[in-house]
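Spelled out, the chains give:
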Amino acid sequence: MKPLTEQEIRAAFVNCTKGEAKRLSVPRDLAERPWDDLDFLGWRDPQAPDRAYLVTELDGHPRALVLRGSGHPVAGQTRRSMCSMCLTSHTGGVSLMVAPKAGKAGQQGNSVGAYICSDLACSLYVRGKKDAGAGARLHESLTLEEKIQRTVANLAAFIAKVTS
């Protein structure tokens, strides 16, 4: 993914108003992010941990979503869940993230949900740059490039549901 500026990120939101996009919390460390290893940039709002955001590039243009998720995982939770984007399994590290639909459907309260890594670090898990623990990644015969393409396709399908 190519590096994005704060202005590009704010302009890319498809499921909130321009005013909401102007007020939301954008990471201050954009220059330090591992852009070459990211299929999308995802972050949680430090002032409101149930709010999350992600931005990616689709068809040469940045697209960003506002998400609502459950708070951080409950301590002692032992059930494993799998991220629907990158297919990484976590013990307590996957959250249901809900995105209001874009346009009139979103104004009427319609939304789309997906189970996504709570820390939104799917790209780093796929590439082995971040470890989710023993048994987190199933053995597959796919190449790294094919796993990356699958993650990107899953994300594109989720964004298509939000914008349809």
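Here goes a summary of the coordinates provided.

### Observations regarding the overall build of the protein chain
Then, in step 1: Across its full length, the protein chain carries five helices and seven strands.
Then, in step 2: The N-to-C order of helical and strand elements in the protein chain reads α-α-β-β-β-β-β-β-α-β-α-α.
Then, in step 3: Computed over C-alpha atoms, the radius of gyration of the protein chain comes to 15 Å, within 12% of the 15 Å expected from 2.2 N^0.38 for 164 residues, which places it in the range of a compact globule.
Then, in step 4: The C-alpha extent of the protein chain, read off along each of the three principal axes, is 45 × 35 × 30 Å.
Then, in step 5: In the protein chain, the share of contacts with a sequence separation of at least 24, taken over all contacts with a separation of at least 6, comes to 55%.
Then, in step 6: Accessible area of the protein chain: about 8,800 Å², with a carbon and sulfur share of 52%.
Then, in step 7: Across the protein chain, the mean location of the 22 positive side-chain charges is 7 Å away from that of the 17 negative side-chain charges.

### Quick look at the pattern of salt bridges
Then, in step 1: Counted under the stated rule, the structure contains 10 salt bridges.
Then, in step 2: Here Arg10 makes a salt bridge to Glu6, at a shortest N to O gap of 2.8 Å. Of the two residues, Arg10 and Glu6 both sit in helix H1 (residues 6–11), four residues apart, roughly one turn of that helix.
Then, in step 3: On the accessibility criterion, Arg10 (17% relative accessible area) is buried.
Then, in step 4: In this structure, Arg51 engages Asp45 in a salt bridge whose closest nitrogen and oxygen atoms are separated by 3.5 Å.
Then, in step 5: Taking the relative accessible area as the measure of exposure, Arg51 reaches 28% and is therefore partly exposed.

### Looking at the sheet that holds strand S2 (residues 48–58)
Then, in step 1: The five strands are arranged S1-S2-S3-S6-S7 in an open sheet whose pairing can be described as antiparallel. Taken across any chain shown, the strands that pair with only one partner, and hence form the sheet edges, are strand S1 (40–45) and strand S7 (111–117). For this sheet, the mean inter-axis angle between neighbouring strands, taken without regard to orientation, is 30°.
Then, in step 2: Judged from the two bridges that link them, strand S3 (residues 61–69) and strand S6 (residues 94–100) form a sheet pairing that is antiparallel. By the bridge assignment, Arg68 is partnered in S6 with Val98.

What counts as what
Residues numbered from 1 in each chain as written. Predicted model: local features only at pLDDT ≥ 70, side-chain atom pairs only at ≥ 80, totals over all residues. Heavy atoms only, no water. Helix = DSSP H or I, 4+ residues; strand = E, 2+ residues; numbered from the N terminus. Rg over C-alpha atoms; globule rule 2.2 N^0.38 Å. Contact = heavy atoms within 4.5 Å. Areas by Shrake-Rupley, 256 points an atom, 1.4 Å probe, with all protein chains shown as cover. Lys, Arg positive; Asp, Glu negative; His and termini not counted. Charge placed at Lys NZ, Arg CZ, Asp CG, Glu CD. Salt bridge = Lys/Arg side-chain N within 4 Å of Asp/Glu carboxyl O. Buried < 20%, exposed > 50% of the residue type's maximum accessible area, 1.4 Å probe, protein only. Pairing = 2+ DSSP bridges. Axes fitted to C-alpha atoms, helices over the stretch in contact; angles between N-to-C directions.

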